[in-house]
Amino acid sequence: MFSGYYGYAMTGNSSTPSTGNQIVNCNILDAYYYLGYNSYQDGIIISHNTFERPTRTSTTTTLYGIYITTGCTNVLVEKNRIEILTQQIQHLQVQFIPFIVR
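Residues numbered from 1 in each chain as written. Predicted model: local features only at pLDDT ≥ 70, side-chain atom pairs only at ≥ 80, totals over all residues. Heavy atoms only, no water.

Draft legend 1. Structural detail: the pattern of salt bridges. A full pass over the atoms with the stated rule returns one salt bridge. Residue Glu-83 is joined to Arg-81 by a salt bridge in which the shortest nitrogen-to-oxygen separation is 3.0 Å. (Salt bridge = Lys/Arg side-chain N within 4 Å of Asp/Glu carboxyl O.)

Set out below in structure tokens:
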């Protein structure tokens, strides 16, 4: 997956969350704002991926990694690699919490 505002976006809806989606063994390159965006997912697996911005030349003040938001249950995020060139982000603040959402 290459470029764009989102590296990937998995969205369901509030009445019927998407089930069983997997982002596994992917190279997700040059996303601008969200490396990965997830909402209304049940049982999503995000594993063994590489997130990079090797050719993104624009800078940003905000960059979200693997973003898990409203309506996500039974989420597994594991063994992903995130490589960000710090000169691309004006104020770098990193927060990483390995977790399983149930």
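Draft legend 2. Region of interest: the packing of aromatic side chains. Scanning the entire structure with this criterion turns up twelve aromatic pairs. With 5.4 Å between their ring centres and 75° between their planes, Tyr-33 and Tyr-64 make a pair best called edge-to-face. Of this pair, Tyr-33 sits in the loop between β4 (27-29) and β5 (34-39) while Tyr-64 sits in strand β9 (residues 64-68); the two residues are 31 residues apart in sequence, bridging distant segments of the chain. Tyr-64 sits in the partly exposed class, given a relative accessible area of 29%. Measuring from ring centre to ring centre gives 5.7 Å for Tyr-37 and Tyr-67, while their planes differ by 15°; the resulting arrangement is stacked. With Tyr-37 in strand β5 and Tyr-67 in strand β9, this residue pair connects regions lying 30 residues apart in the sequence. (Phe/Tyr/Trp six-rings, centres within 6.5 Å; stacked < 30°, edge-to-face > 60°. Helix = DSSP H or I, 4+ residues; strand = E, 2+ residues; numbered from the N terminus. Buried < 20%, exposed > 50% of the residue type's maximum accessible area, 1.4 Å probe, protein only.)

Draft legend 3. Fine view of the side chain of Gln-41. Assignment of secondary structure puts Gln-41 in strand β6 (residues 41-42). Of the residues examined, Gln-41 reaches a relative accessible area of 1% and is grouped as buried. There is a polar contact of 3.3 Å between the side chain of Gln-41 and the backbone oxygen of Ser-39. (Polar contact = N/O pair within 3.5 Å; in protein donor to acceptor, adjacent residues only side chain to side chain.)

Draft legend 4. Local environment of the nonpolar core. If you look at the biggest cluster of nonpolar residues, it comprises 14 residues, and the most contacted ones within it are Tyr-8, Ile-23, Ile-28 and Ile-46. What Ile-23 contacts, discounting residues up to four positions off in sequence, is Tyr-8, Met-10, Ile-28, Ile-45, Ile-46, Ser-47 and Asn-49. (Core = buried A, V, L, I, M, F, W, Y, C linked by side-chain atoms within 4.5 Å. Contact = heavy atoms within 4.5 Å.)

Draft legend 5. Inspection of the environment of Phe-2 at higher detail. Its location among the elements puts Phe-2 in the segment before β1 (9-11). Sequence separation of Phe-2 and Leu-29 is 27 residues, and the distance between their C-alpha atoms is 4.8 Å. With near-sequence residues (within four places) excluded, Phe-2 lies in contact with Leu-29, Asp-30 and Thr-55.

Draft legend 6. Broad picture of the pairing of strand β10 (residues 75-78). Of the two faces of β10, only the one carrying Val-75 and Val-77 is buried; Leu-76 and Glu-78 on the other face are not. As paired strands, strand β7 (residues 45-47) and β10 are joined by three bridges and run parallel to one another. When the bridges of β10 are listed, Ser-47 appears paired with Glu-78. (Pairing = 2+ DSSP bridges.)

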